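# Architecture and fold: a report
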Number of protein chains: 2
Amino acid sequence: MRTIDRLVVCGVGLIGGSFALALREAGVVGEIVGVGRSSASLEAALSRGVIDRASMDWADALPGADLVLLATPVGQMDRVMAAMAPHLAAGTVVTDAGSTKRDVIEAAYRHLDAHLACVVPSHPIAGAETSGVGAAFPTLYQGRKVVVTPLPENDPSAVARVREVWGACGAILREMSPQEHDRVFAAVSHLPHLLAFGLVHDLAQRANAEQLFDYAASGFRDFTRIAGSHPEMWRDICIANRQALLGELDAYLAELALLRAYLMTGDGISLEGIFDDARRARTAWANQKTES
Amino acid sequence: MRTIDRLVVCGVGLIGGSFALALREAGVVGEIVGVGRSSASLEAALSRGVIDRASMDWADALPGADLVLLATPVGQMDRVMAAMAPHLAAGTVVTDAGSTKRDVIEAAYRHLDAHLACVVPSHPIAGAETSGVGAAFPTLYQGRKVVVTPLPENDPSAVARVREVWGACGAILREMSPQEHDRVFAAVSHLPHLLAFGLVHDLAQRANAEQLFDYAASGFRDFTRIAGSHPEMWRDICIANRQALLGELDAYLAELALLRAYLMTGDGISLEGIFDDARRARTAWANQKTES
């Protein structure tokens, strides 16, 4: 692929840092400039060699950039796009790693309307409950899906460029509409995070919380692993995608109402039917994942 | 410890089979007799060397037994106890591995009222989403908690014997009242299982289920791992402990109502507060578990 002479990564944490490390390891990038709101995290990125240069000023960071990755929590995208807009040259391709797409795209329409040909939203399906540049590693995207949600205004060469760059990170490329993306991830990612945070919060408030956690075992550990995720990032995702998330939460509440009715009436046959369907679906999915 | 000349295990699956293997490896057991409802699973246990002799008849299995472990799904305990009662000798110690205790104890009062001095209920906090004797292994209980819930009628030497036997499996002994046991495990085990089964069932029914599962990633995998658990076993647990489980489900529904209200009003500050409390509690718990 064509080399990226200058890459700008805004938000050099787990996601942005791993993107920089992956492209550097692929040997396709010249200079990497890190932009951020905290000089401490930029210095950590510099000292780990994830970026070559740190900047807190878009006027200084953007000139000569081929590609910009926005990897901040989605709640900051509006502010970030407003700040970068005056300094963005025609031809600089902009993508992002936001877990929600409709809100990021709305911000792009608000602030980058003169650049929409080159703004190609994307979402890497990769992450961990760790965060920060210290957790970044070059193979994070290896074999992981990246969903690109192109805009009607996009220049096809800009879309191809974004696909090519994620491909260089080892990712598997997919395309979806932003609406479809946000509905799918509300169901399989945003809702489970909300549920896990909720369960731990519910138990942690109890007078006997210490006793409860003392008897929690491996099932509880796995069920609640995602409740160790970054609170600010997940606040932003939940707020940004709250329309789709509310729809998923309500569908789940209907499922719980059904389970509750079966418990109330002691209907073991119906309960076992649901458990059996769930186990079958879960096992089929897990086996397929292992094969792929 | 004193040797067990004859051990009877009723239900030679993951739990019963691992108990047999652990005691055999500890060198504290003479003959092991397996009792079950399926001759196929008893034959599998025989051919793996987990048991020395198989029986489908209590009159044949019980004479001379020092210790009986009941390791069937809790929904079968009533039937099992009724069947064994006429053949149970005074002095044979009976324990069980049921995940719920009040229902098992009620069955003991119904059928083993002449033997209550020697019936000492217990619950090993160990398991996996695998099941069957093929999944059994001798170190399953190593370092795991076993909760003993003695009855007021128990002979102290029978309680000591049950503690000693689980200790020989490498377990850490705890005691609780049956009521307290069932409340604690409704919160940290039974509810998470119900929630995970419910989420997978909810998604598996959708017209776009295939697409949803296609995009589900590692967070979803861990959150739903327990939805791969044994449907009959979990049906029995949910029905047996439905009073406490309904209390926990309702507390969780109140938590979800709160989260829903924050989503509706776009209250990011309150959402982040909950996420932050949950992460803090979850991280503290996970770190403590690693140390212990």
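Worth saying up front: this structure is predicted, and the values here are computed from it rather than measured.

Cut-offs used in this document
Residues numbered from 1 in each chain as written. Chains lettered and ligands numbered in written order. Predicted model: local features only at pLDDT ≥ 70, side-chain atom pairs only at ≥ 80, totals over all residues. Helix = DSSP H or I, 4+ residues; strand = E, 2+ residues; numbered from the N terminus. Rg over C-alpha atoms; globule rule 2.2 N^0.38 Å. Buried ≥ 20, exposed ≤ 12 C-beta atoms within 10 Å, placed from the backbone. Contact = placed C-beta atoms within 7 Å. Arc of directions from axis to C-beta. Domains from an automatic or database assignment. Nonpolar A, V, L, I, M, F, W, Y, C, P; charged D, E, K, R; others polar. Pairing = 2+ DSSP bridges. Right-handed = clockwise from strand over helix to strand, strands pointing away. Axes fitted to C-alpha atoms, helices over the stretch in contact; angles between N-to-C directions. pLDDT = per-residue confidence, 0-100. Parallel < 35°, antiparallel > 145°, perpendicular 65-115°, else oblique. Left-handed = near helix turned anticlockwise from the far one by under 90°. Least-squares fit on C-alpha atoms with pLDDT ≥ 70 in both. Core = buried A, V, L, I, M, F, W, Y, C linked by C-beta atoms within 7 Å.

Glancing now at the overall build of chain A. The number of helices and strands found in chain A is 12 helices and eight strands. Taken against the 2.2 N^0.38 rule, which gives 19 Å for 292 residues, the C-alpha radius of gyration of chain A at 21 Å falls within 12% of a compact globule. Along the first, second and third principal axes, the C-alpha set of chain A runs to 70 × 40 × 40 Å. The buried share of chain A, taken over its 292 residues, is 55%. Counted over contacts in chain A with a minimum sequence separation of 6, partners at least 24 positions apart contribute 77%.

Below, the discussion takes up helix 2 (residues 39-47) of chain B. Three or four residues apart is the spacing at which side chains of an α-helix point the same way, because the helix has 3.6 residues per turn. Residue and element names in this part refer to chain B. Every buried residue of helix 2 is accounted for by Leu 42, Ala 44 and Ala 45. Projection of helix 2 onto a plane perpendicular to its axis shows the buried side chains occupying an angular sector of 155 degrees, all on one side. For helix 2, the exposed residues lying more than 90 degrees away from the buried face are Ser 39, Ala 40 and Ser 47. Those residues of helix 2 that are buried lie in contact with helix 1 (14-25), strand 2 (29-35) and strand 3 (53-55). In the segment just after helix 2, Gly 49 is the residue with positive phi, at about 75 degrees.

Next up on the list: the environment of Gly 64 of chain B. Residues and elements named next belong to chain B. Take Gly 64: it is sitting in the loop between helix 3 (58-61) and strand 4 (67-70). Residue class for Gly 64 comes out partly exposed when judged on the 13 C-beta atoms lying within 10 Å of it. A sequence separation of 27 residues divides Gly 64 from Gly 91, and the C-alpha atoms of the two residues are 9.9 Å apart. When neighbours within four sequence positions are excluded, Gly 64 is seen to be in contact with Asp 5 and Arg 6.

Turning our eyes to something else, we now look at the domain arrangement of chain A. Quite often, the size of an interface is put as the accessible area lost when its parts meet. Residue and element names in this part refer to chain A. As assigned here, chain A comprises domain 1 (4-176) and domain 2 (180-291). For domain 1 and domain 2, the distance between their C-alpha centres works out to 31 Å. On the domain 2 side, the residues contacting the 14 residues of domain 1 number 16 residues. Each residue belonging to the side of domain 1 that touches domain 2 can be placed in one class, and the counts come to four nonpolar, six polar and four charged.

Next up on the list: the pairing of strand 7 (residues 145-148) of chain A. All names here are of chain A. Bridge count for strand 6 (residues 122-124) against strand 7 is three bridges, and the pairing is antiparallel. Following the sheet pairing, His 123 is matched in strand 7 by Val 147. In this sheet, strand 8 (residues 172-175) lies alongside strand 7 in parallel orientation, the contact comprising four bridges. Each bridged residue has a counterpart across the sheet, and for Val 146 the counterpart in strand 8 is Leu 173. In this view, the connection linking strand 7 to its parallel neighbour strand 8 by way of helix 6 (residues 156-168) has right-handed handedness.

A word on the sheet that holds strand 7 (residues 145-148) of chain B. Residues and elements named next belong to chain B. An order of 6-7-8 is seen for the three strands of this open sheet, with the pairing classed as mixed. Pairing within the sheet leaves two strands with one partner each, and these edge strands are strand 6 (122-124) and strand 8 (172-175). The sheet shows a mean angle of 20 degrees between the axes of neighbouring strands, direction not considered. Relative to strand 7, helix 6 (residues 156-168) is tilted by about 170 degrees, and along the sheet it contacts strand 6, strand 7 and strand 8.

Turning to the interface of chain A and chain B, a few remarks are in order. On the chain B side, the residues contacting the 69 residues of chain A number 69 residues. Those elements giving two or more residues to the side of chain A that touches chain B turn out to be helix 7 (178-204), helix 8 (209-215), helix 9 (218-223), helix 10 (231-240), helix 11 (242-265) and helix 12 (268-291) of chain A. Here the residues of the side of chain A that touches chain B sort into 44 nonpolar, 11 polar and 14 charged.

Any region with low pLDDT has predicted coordinates that should not be read closely. Taken over all residues, the pLDDT of chain A has a mean of 95, while the share at 70 or more is 98%. In the model output, the complex is listed with pTM 0.91 alongside ipTM 0.91.

The geometry of helix 7 of chain A relative to helix 7 (residues 178-204) of chain B is characterised by a closest axis approach of 12 Å and an angle of 165 degrees between their N-to-C directions. Judged by the angle between their axes, helix 7 of chain A and helix 7 of chain B are roughly antiparallel. The element helix 7 of chain A and its partner helix 7 of chain B pack so that their crossing is right-handed. Here Ala 187, Pro 192, Leu 195, Leu 199 and Leu 203 of chain A of helix 7 of chain A come into contact with helix 7 of chain B, specifically with Ala 187, Pro 192, Leu 195, Leu 199 and Leu 203 of chain B. Here the residues of the contact of helix 7 of chain A with helix 7 of chain B are counted per class, giving 10 nonpolar, no polar and no charged.

Let's shift gears to the relation of the copies chain A and chain B. The two chain copies are related to each other by a rotation about an axis together with a translation along it. Once chain A is rotated about the relating axis by 180 degrees and shifted along it by 0.0 Å, it coincides with chain B to within an RMSD of 0.0 Å. Both copies are brought into coincidence by an operation consistent with a two-fold rotation axis. Among all residues of chain A, the one whose C-alpha sits closest to the rotation axis is Phe 223 of chain A, at a distance of 2.0 Å. When you check the interface residues of chain A against chain B, 100% turn up at the interface there too, and the contact is symmetric in its surfaces.

It is worth spelling out the sheet that holds strand 6 of chain A at this point. Pairing between sheet strands relies on hydrogen bonds along the backbone, with the strands arranged either parallel or antiparallel. Residues and elements named next belong to chain A. An order of 6-7-8 is seen for the three strands of this open sheet, with the pairing classed as mixed. Of all the strands in the sheet, the pair left with one neighbour each is strand 6 and strand 8. Averaged over all neighbouring strand pairs, the angle between strand axes comes to 20 degrees, with direction disregarded.

Now for the nonpolar core. Counting 206 residues, the largest nonpolar core has Val 8, Val 9 and Ala 20 of chain A together with Val 8, Val 9 and Ala 20 of chain B as its most contacted members. Not counting residues up to four positions away in its chain, the partners in contact with Val 8 of chain B are Val 33, Val 35, Ala 61, Leu 62, Ala 65 and Val 68 of chain B.

We now examine the pairing of strand 5 (residues 93-96) of chain A. Residue and element names in this part refer to chain A. Alternating residues of strand 5 divide into Val 93 and Thr 95 and Val 94 and Asp 96, and every residue in both groups is buried. Bridge count for strand 4 (residues 67-70) against strand 5 is four bridges, and the pairing is parallel. Considered in strand 5, the bridge of Leu 69 is made with Thr 95. Between strand 4 and its parallel partner strand 5, the chain crosses via helix 4 (residues 77-84), and the hand of that crossover is right-handed.

Our focus in this paragraph is the packing of helix 7 of chain B against helix 11 (residues 242-265) of chain B. Residues and elements named next belong to chain B. Contact pair helix 7 / helix 11: the axes reach a minimum separation of 9 Å and the direction vectors enclose 65 degrees. The chirality of how helix 7 crosses helix 11 is right-handed. Only Ala 244, Leu 245, Gly 247, Glu 248, Leu 249 and Tyr 252 of helix 11 make contact with helix 7, whose side of the interface consists of Asp 182, Arg 183, Ala 186, Ala 187, His 190, Leu 191 and Leu 194. Class assignment of the residues belonging to the contact of helix 7 with helix 11 gives a composition of eight nonpolar, two polar and three charged.

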